[in-house]
Amino acid sequence: MTTAPQSDAQPEPQPEALWQPGPDRIAGAQVTRFHTWAAAHHGAPAPTPGDPAASYADLHRWSVADLPAFWQATAEWFDVRFTTPYETVLADRTMPGARWFPGATLNYAEHALRAAEDPARADAPALLYVDETHEPTPVTWAELRDQVGSLAAALRRLGVRPGDRVSGYVPNIPQAVVALLATAAVGAVWTSCAPDFGARSVLDRFQQIEPVVLFTVDGYRYGGKEHDRRDTVTELRAELPTLRAVVHIPLLGTPAPEGALNWPDLITGTTEPPVYEQVPFDHPLWVLYSSGTTGLPKAIVQSQGGILLEHLKQTGLHCDLGPDDRFFWYTSTGWMMWNFLVGGLLVGATIVLYDGSPGHPDIAAQWRVAETTRATVFGTSAAYVMACRKADIHPARDLDLSAITCVATTGSPLPPDGFRWLHDSFAESGADLWTASVSGGTDVCSCFAGAVPTLPVHIGELQAPSLGTDLQAWDPQGRPVIDEVGELVVTNPMPSMPLRFWNDPDGSRYHDSYFDMYPGVWRHGDWITLTSRGSVIIHGRSDSTLNRQGVRMGSADIYEAVERLPEIRESLVIGLELPNGGYWMPLFVHLAPGATLDDALRDRIKHTIRTELSPRHVPDDIIEAPGVPHTLTGKRIEVPVKRLLQGTPLDKAVNPGSVDNLELLRFYEQVARDRAE
C-alpha cells in the first residue's frame, strides 16, 4: 500500500482567486436554477443568498448524501424520457455492482436528437465540422436526425440487433457521430479507434469485443498531409472474422474496396425517421478502452442510462451548456473526450468537430477553429495551453475569440502558470474568462471534479468535486483527509461507472482495477488534495509515485517546475528502487530547439526544483532524451519506462501498440543497458 506524497516545502499561502463569476453569471447559471428547483421539489437544502460557495457546498453534500433524490431530480430536470417507469432509483449501492433505475427503459440517441423535434431548431447546426483544408461545414439537426434514421435502418437490414457490437476506425468527422447515434438507436454497442492507431492497436481492442460491422475511412489528413489507411483496413478486415459488413467512408475520395458498402448509399435516398430501440437503463451503450500500456487494454462497458444521466449533469450543470452554445473539444475518436463532446447534443448545444493536427500550420491552430466556429466553450489539453504559453502567442489579442466564455482543460493537471497565462491572455482583450481545469477518467467517461460556473477559480486548483460524486482523499488506512494529499477515492457509486469489463466473466479484472486497495470503494490511482475551501488539487498518478528518503512525491509537481524553463520542451521523471537498497531518480528532458543541456542548464534545473519544491525533489541525474513517450491519447508513460530502466525487456514492459512512438522507448532501454554495464 502506498503512502501519499509529502514535501519539505513550507505551507503555501492561500492561493489567490484568479476569477470570480459576476452576479449575472451566477444567477443565470443552470446549476443555480436547478438548486432552487431541487430545494422546492426534492428536499435539497435551500440556496444561501449571496453566498454561492456555501450554496454549492450544501448542494454537493446533499447530492452525495441522498443519491436517489439527486439523480431522480437530475432525470426530471432534464426531462429524461423513460418509456417504462423505474421501480426505484438505486436498488443496490454496492460497488462494484450498483443497480440504477431497474425497470426503466430509454434510448440515448433519442435524447441526443431531441432538438430536431423543435421546428425552430431543425435547421440550426447540430454539428460544425472543420478540418485543415476547409471552412466549417454545418450539419443541421434535421440532417443529423435523417442520417441517423437512414443508417439505423440500414444497420437493421444488415441484421444488427440490440447488444451487437459496431466498431468505427474513423476520425473526428460527422459520419462518426452519425454512426454512434445510429448504433445506439438500434440498441447495439458502439466502439471506436482513431485512424492514427496502427492495426495491432486496433485489433488489441476490437478483437476483444467481436464487432459485426466496421465503419472505416480510406485515410485522414493531419499536419498538412494525407495519410492512406487502406492497407490497415484490409488487415483489420482479415483479422476480425465476426464482421458481417464493412462500411467505407471515402474521406480522401477513393472508391469502396471490394465487398465493402459505400457510406453515401446508406444515408441517401428515402429518408427514414429514426426508430429508437427502448432498452433497459443498464443496457450497454459503448465500450471504451484503457491505454493498455502494460497489457491488453481494458474494454470498459458503460450503460445507455448511466452515460445519459452523467453527461446531462456534466454538460448542463457543470459546463453550463445549452442551445445557444457551441461546444469544442480537441479530441480524437480514440479518447473518451470525443464521447463526452458528443454528449453536448443532449442539452441541445452545437458541437464542433475538428479533424486535424493541434499545431498545424502553427501552434494557434485550435484557437483559429474557435474563431471560425464562434465556439463558446473551448476544451483542450493542459499540454496545449503550456505549449501556447511557451510559444508566447496572444490568441485573444490576435484572433476574434470574443464568443469564448470558458476554456476547459484536461488530460493532465494544468500548472499554475497555465492558469495565469490563460487569464492574462484573455484579460488583455478585456475578456472575462472562466478557466475550468477538470479531472476524471475513461473509466467513468466523466469528471470527478472540475467546472462549476458559480464558484471562483483559484490558480492551480479545480473548482470543486462534481455533483453526485462522493469524492474524497484517503490516507493508507482509509481515513479521509482535508488539506493533505491522499488517494483519490469515490465512496459511493456513480451511474456511469462501468457495468463490467468485456471478457472479464468473473469480474476479477474490474475488481482488481479499482477496488483492491479499499474494498467497496473506488480508488482511481491519482494523488489529490481536497482543500478546506472545497476545491481540489491533482498531484498526478499514485501508481508511479516517487519515493526518496522515505518521502513520497508526485511527478506532476516536478513537471510543472521544470517545464517553466524555456529550454525544456517536456520532461519525464522516474524513481527506481535499486537491488542494493538504494534509489535512483533520473530526470529526462526533451529540449526545445536550439537549447543545449550543459552544466549551466543542469544547475538551473536543479535550482528551480530545489527552490520551488524541496531538496528531496532534485533528481540524481538529468539526462537529455530525444523525446517523451506518450499513450495514444497523449499521456506521459511513466510506469513502462520505469520497468525498462529496471531491466525488463521492451516486449514485456509495454504493449507496443499503446505507444505513440515506440522508437523513443528504445532510447530508455539503451539507458538501462548502459547502466547495467
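Up top is the structure.
Quick caveat, the model's predicted, so the values are computed rather than measured.

**Q** Would you mind showing me how to read the overall build of the chain here?
**A** Within the chain, the secondary structure is distributed over 22 helices and 37 strands. For the chain, the spread of C-alpha atoms along the three principal axes comes to 70 × 65 × 55 Å. The buried share of the chain, reckoned over its 677 residues, is 59%. Long-range contacts, defined as pairs at least 24 residues apart, comprise 70% of the intrachain contacts of the chain with a sequence gap of at least 6. Accessible surface, the chain as shown: approximately 25100 Å² in total, 49% of it carbon and sulfur. With 53 positive and 82 negative side-chain charges, the chain shows a spacing of 3 Å between the two charge centroids.

**Q** Would you take a moment to explain the layout of surface pockets for this structure?
**A** Empty space among the atoms can be located by rolling a probe the size of a water molecule over them. By volume, the second largest pocket amounts to about 510 Å³. If you go around the second largest pocket, you meet 26 residues; those closest to its centre are Ala57, Pro465, Arg533, Gly534 and Ser535. Those elements giving two or more residues to the lining of the second largest pocket turn out to be helix 3 (52-65), strand 24 (457-458), strand 25 (464-465) and strand 26 (471-474). If one sorts the elements of the lining of the second largest pocket by residue count, helix 3 sits on top with seven residues. Class assignment of the residues belonging to the lining of the second largest pocket gives a composition of 14 nonpolar, eight polar and four charged.

**Q** Looking at this structure, how should I read empty space enclosed by the protein?
**A** This model, assessed by the stated rule, comprises two cavities of 30 Å³ or more. Taken as a whole, the largest cavity encloses approximately 90 Å³ of empty space. As for the largest cavity, its lining consists of 15 residues, of which Cys319, Ala408, Val438, Cys447 and Ala451 are closest to the centre. Counting only elements with at least two residues in the lining of the largest cavity, the list comes to helix 11 (304-318), strand 20 (406-410) and strand 23 (446-450). Looking at the lining of the largest cavity, the element that brings in the most residues is strand 23, giving three residues. Considered class by class, the residues forming the lining of the largest cavity number eleven nonpolar, four polar and no charged.

**Q** What am I meant to see in the packing of aromatic side chains here?
**A** Pairs of aromatic rings are described using the distance from one ring centre to the other and the angle between the two planes. Here the structure, examined in full by the defined rule, presents 34 aromatic pairs. Here Phe34 and Phe70 contribute two aromatic rings whose centre-to-centre distance is 6.1 Å and whose plane-to-plane angle is 85°, an arrangement assigned as edge-to-face. Remark: Phe70 occurs in helix 4 (residues 67-77) and Phe34 occurs in helix 2 (residues 30-41); sequence separation between them is 36 residues. Each member of the pair, Phe34 together with Phe70, is buried. Seen in terms of ring centroids, Phe70 and Trp71 are 4.8 Å apart; in terms of plane orientation they differ by 70°. Their pairing is edge-to-face. For the pair Phe70 and Trp71, a shared accessibility class is recorded, and that class is buried. One aromatic cluster is present, formed by Phe34, Trp37, Trp62, Phe70, Trp71, Trp77 and Trp100 through successive ring pairs. In this structure, Arg636 packs its charged tip against the face of Tyr559, placed 3.9 Å from the ring centre.

**Q** Just to check I follow, could you spell out the nonpolar core for this structure?
**A** The nonpolar side chains of a soluble globular protein tend to be buried, and buried together. Ranked by size, the top nonpolar core spans 143 residues in total, and within it Tyr108, Leu144, Leu181, Phe215, Leu345 and Trp367 carry the most contacts. Element by element, the count of residues in this core is highest for helix 7 (residues 174-186), at ten residues. The contacts of Leu181, once residues within four sequence positions are left out, are Tyr108, Ala109, Ala112, Leu113, Leu144, Val148 and Leu345. Core analysis: the next-biggest nonpolar cluster, separate from the first, contains 39 residues, Leu546, Leu576, Leu597 and Val628 among them.

**Q** Can you help me understand the pairing of strand 30 (residues 536-541) in this one?
**A** Each regular strand carries side chains that alternate between the two faces of the sheet. Direction of pairing for strand 29 (residues 522-530) relative to strand 30: antiparallel, over a ladder of five bridges. In the strand pairing of strand 30, Ile528 is matched with Ile538. A loop of five residues connects strand 29 with strand 30, the two strands running antiparallel in sequence, and Gly534 in this loop sits at a positive phi of about 95°.

**Q** I would appreciate a short explanation of unusual backbone geometry in the present structure.
**A** If a residue is not glycine, its phi is most likely negative; likewise, a peptide bond is most likely trans. Here the residue pair Met95 and Pro96 is connected by a cis peptide bond, since its omega of -10° sits within 30 degrees of zero. With respect to the helices and strands, Pro96 occurs in the loop between strand 2 (90-92) and strand 3 (99-100). Residue Pro361 is bonded to the preceding His360 through a cis peptide linkage, with omega at 0°. Along the chain, Pro361 turns up in the loop between strand 18 (350-355) and helix 13 (365-373). A positive phi is found at Glu210, a non-glycine position, where the angle reads about 55°. Summarising the element assignment, Glu210 is placed in the loop between helix 8 (199-209) and strand 9 (213-217). Phi at Cys445 takes a positive value of approximately 50°, unusual for a residue other than glycine. Relative to the assigned elements, Cys445 resides in the loop between strand 22 (439-441) and strand 23. Cys445 gets classed as buried once you look at its relative accessible area, which sits at 0%.

**Q** Got a minute to help me understand the sheet that holds strand 37 (residues 621-624) in this structure?
**A** Strand pairing in a sheet relies on backbone hydrogen bonds, with the paired strands running either antiparallel or parallel. Taken together, the three strands give an open sheet; going across it, the order is 33-36-37, and neighbouring strands pair in mixed fashion. The strands lining the two open edges of the sheet, one partner per strand, are strand 33 (568-573) and strand 37. Pairwise comparison of adjacent strand axes, ignoring direction, gives a mean angle of 25° for this sheet. Pairing geometry for strand 33 and strand 36 (residues 586-591), over five bridges, is antiparallel. Counted as the bridge partner of Ile568 is Leu591 from strand 36. Across the sheet, helix 19 (residues 599-612) is in contact with strand 33, strand 36 and strand 37; its angle to strand 36 comes to roughly 120°.

**Q** Before we go on, may I ask you to explain the packing of helix 2 against helix 3 in this structure?
**A** To describe two helices that pack against each other, one gives the angle between their axes and the distance between the axes. Closest axis-to-axis distance for the helix 2/helix 3 pair is 11 Å, and the angle between their directions is 60°. For the element pair helix 2 / helix 3, the angle class is oblique. You can see that helix 2 and helix 3 cross each other, and the crossing is left-handed. On helix 3, the residues touching Val31, Phe34, His35 and Ala38 of helix 2 are Ser55, Leu59 and Trp62.

**Q** I tried to follow the sheet that holds strand 6 (residues 137-140) on my own but got confused; where do I start?
**A** The strand order across the open sheet formed by seven strands is 6-5-18-17-19-20-21, and the pairing between neighbours is mixed. Looking at the sheet topology across the chains shown, the edges are occupied by strand 6 and strand 21 (434-437). Averaged over all pairs of adjacent strands, the angle between strand axes in this sheet comes to 20°, irrespective of strand direction. Bridge analysis of strand 17 (residues 326-329) against strand 19 (residues 377-381) gives three bridges, and the strand direction is parallel. Its bridge partner being in strand 19, Phe327 is matched across the sheet by Val377. Sheet contacts for helix 6 (residues 141-157): strand 5 (125-131) and strand 6; angle to strand 6, the most-contacted strand, approximately 70°.

**Q** Hey, could you run me through helix 18 (residues 555-562) in this one?
**A** Because each turn of an α-helix spans 3.6 residues, side chains separated by three or four positions in sequence point in the same direction. Burial analysis of helix 18 places six of its eight residues in the buried class, which makes it a mostly covered element. Listing the buried residues of helix 18 in full gives Ser555, Ala556, Ile558, Tyr559, Ala561 and Val562.

Rules used throughout
- Residues numbered from 1 in each chain as written.
- Predicted model: local features only at pLDDT ≥ 70, side-chain atom pairs only at ≥ 80, totals over all residues.
- Heavy atoms only, no water.
- Helix = DSSP H or I, 4+ residues; strand = E, 2+ residues; numbered from the N terminus.
- Buried < 20%, exposed > 50% of the residue type's maximum accessible area, 1.4 Å probe, protein only.
- Contact = heavy atoms within 4.5 Å.
- Areas by Shrake-Rupley, 256 points an atom, 1.4 Å probe, with all protein chains shown as cover.
- Lys, Arg positive; Asp, Glu negative; His and termini not counted.
- Charge placed at Lys NZ, Arg CZ, Asp CG, Glu CD.
- 1 Å grid on protein atoms, 1.4 Å probe; cavity = no way out; pocket = protein on both sides within 12 Å on 5 of 7 lines; lining within 4 Å.
- Points joined across faces, edges and corners; volume = space filled by probe spheres on them.
- Nonpolar A, V, L, I, M, F, W, Y, C, P; charged D, E, K, R; others polar.
- Phe/Tyr/Trp six-rings, centres within 6.5 Å; stacked < 30°, edge-to-face > 60°.
- Lys NZ or Arg CZ within 6 Å of the ring centre and 35° of its normal.
- Core = buried A, V, L, I, M, F, W, Y, C linked by side-chain atoms within 4.5 Å.
- Pairing = 2+ DSSP bridges.
- Axes fitted to C-alpha atoms, helices over the stretch in contact; angles between N-to-C directions.
- Parallel < 35°, antiparallel > 145°, perpendicular 65-115°, else oblique.
- Left-handed = near helix turned anticlockwise from the far one by under 90°.

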